[in-house]
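Take a look at the letters that make up each chain.
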Amino acid sequence: NFNDFFDILKSRLKKLEKINSKKIDFIYHELLSKEFKYLQKYIEKECDPEDLNNLVRFLGKTISQSDIGLHNLIFNKKTNYLYFVDFEHAGLDSLMKGLIDMLIQPEKPMPKELILFFVEKINILSNNKITTIDDLKPFLYIQRLKWCIIITNPLLYDKNLSSKKIFEKIKKYISLTNNLFNLY
């Protein structure tokens, strides 16, 4: 349900906050914690958690490849079918999570036209419960922040990596997603 999305994000943020690293502290305090506070306010003011839970339950679960995005899709022009590849971390997961991850994946962002195409298809899957990008905003905010946390991971393993470089990468990603999805 929607609460699971939010709880997983809170758990990831708490783990990140506990890491003893000046590089991560800087990104956490200057960017991620502010994004999380905005997300909390947005959900409190703009969302009905029960409606969001119902939507997640309605869409249900599916076998997810767990690394969904344009970089793991092959399009067959003859059949007009999309094929997913790279099932290394596949498992049973929320269909909503998979759809949002595909839309908001940071390494290979979707063009606006393709996003609108997918929202149209999601509308069909959801029996007209999701008609615009705005209907997906709570999930987009959560998954975007999750991706921002994932972007910080290299700082844990590469002592020579600049936190400024990661900070700028996250800011660029946030700016891009703000533009693509009319966030903020």
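Residues numbered from 1 in each chain as written. Predicted model: local features only at pLDDT ≥ 70, side-chain atom pairs only at ≥ 80, totals over all residues. Heavy atoms only, no water.

**Q** Looking at this model, I keep getting lost on the environment of Ile19. Mind explaining?
**A** Among the secondary structure elements, Ile19 is positioned in the loop between helix H1 (2-18) and helix H2 (22-46). We classify Ile19 as partly exposed; its relative accessible area is 26%. Excluding residues that lie within four positions of it along the chain, Ile19 makes contacts with Ile24, Asp25 and Leu156. (Helix = DSSP H or I, 4+ residues; strand = E, 2+ residues; numbered from the N terminus. Buried < 20%, exposed > 50% of the residue type's maximum accessible area, 1.4 Å probe, protein only. Contact = heavy atoms within 4.5 Å.)

**Q** Explain the environment of Leu103 here, please?
**A** Mapped onto the fold, Leu103 is located in helix H4 (residues 95-104). Separated by 74 residues in the primary sequence, Leu103 and Thr177 have C-alpha atoms spaced 9.6 Å apart. With sequence-adjacent residues up to four places away left out, Leu103 is seen in contact with Met110, Ile115, Phe118, Ile122, Leu136 and Phe181.

**Q** What is the right way to read the packing of helix H6 (residues 137-152) against helix H8 (residues 163-181) from this model?
**A** The angle between the axes and the distance between the axes are what describe a pair of packed helices. Packing of H6 against H8 brings their axes to within 10 Å, and their N-to-C directions diverge by 160°. Put simply, H6 runs roughly antiparallel to H8. With respect to the hand of their crossing, H6 and H8 are arranged in right-handed fashion. Across the interface between the two elements, Lys137, Leu140, Arg144, Trp147, Cys148, Ile151 and Thr152 of H6 pack against Ile166, Lys169, Ile170, Tyr173, Ile174, Thr177, Asn178 and Phe181 of H8. Of the residues in the contact of H6 with H8, the class split is nine nonpolar, three polar and three charged. (Axes fitted to C-alpha atoms, helices over the stretch in contact; angles between N-to-C directions. Parallel < 35°, antiparallel > 145°, perpendicular 65-115°, else oblique. Left-handed = near helix turned anticlockwise from the far one by under 90°. Nonpolar A, V, L, I, M, F, W, Y, C, P; charged D, E, K, R; others polar.)

**Q** Can you help me understand the nonpolar core in this one?
**A** Side chains that are nonpolar tend, in soluble globular proteins, to be buried together. By size, the foremost hydrophobic cluster in this structure holds 55 residues, and its most contacted members are Leu32, Leu39, Met96, Leu103, Leu136, Phe139 and Phe181. Contributions of two or more residues to this core are made by H1, H2, helix H3 (49-59), H4, helix H5 (112-125), H6 and H8. Filtering out sequence-adjacent residues up to four positions away, Leu39 remains in contact with Phe6, Leu9, Pro138, Tyr141, Ile142 and Leu145. (Core = buried A, V, L, I, M, F, W, Y, C linked by side-chain atoms within 4.5 Å.)

**Q** Quick question: what am I supposed to make of the pattern of salt bridges here?
**A** Side chains that differ in sign of charge can pair as their charged atoms come close. Tallying each qualifying case throughout the model produces nine salt bridges. Put simply, Lys10 and Asp7 hold a salt bridge, and the shortest N to O gap is 3.8 Å. Here the residue Lys10 and the residue Asp7 both occupy positions in helix H1, the gap between them amounting to three residues, near one helical turn. The class of Lys10 is partly exposed, set by a relative accessible area of 33%. Residue classification places Asp7 among the partly exposed residues on the basis of a relative accessible area of 40%. Taken together, the shared-partner salt bridges in this structure form one network comprising Asp93, Lys97, Asp101 and Lys146. (Salt bridge = Lys/Arg side-chain N within 4 Å of Asp/Glu carboxyl O.)

**Q** Can you help me understand H4 in this one?
**A** Residue pairs three or four apart in sequence face the same way in an α-helix, which turns once every 3.6 residues. The buried fraction of H4 amounts to nine of the ten residues, a majority that puts the element mostly inside the structure. Here H4 has its buried residues at Leu95, Met96, Gly98, Leu99, Ile100, Asp101, Met102, Leu103 and Ile104.

**Q** What is the right way to read the packing of aromatic side chains from this model?
**A** Think of a pair of aromatic rings as described by two things: how far the centres are apart, and how the planes are tilted against each other in angle. A complete count under the given rule lists nine aromatic pairs for this structure. Taking 5.5 Å as the distance between ring centres and 25° as the angle between the ring planes, the aromatic pair formed by Phe6 and Phe36 counts as stacked. Of this pair, Phe6 sits in helix H1 while Phe36 sits in helix H2, and the two are 30 residues apart along the sequence. Phe6 sits in the buried class, given a relative accessible area of 14%. The exposure class assigned to Phe36 is buried, which follows from its relative accessible area of 12%. If you follow Lys129 out to its NZ or CZ, it ends over the ring of Phe58, 4.3 Å from the centre. (Phe/Tyr/Trp six-rings, centres within 6.5 Å; stacked < 30°, edge-to-face > 60°. Lys NZ or Arg CZ within 6 Å of the ring centre and 35° of its normal.)

By themselves, these observations are geometric and do not establish any function.
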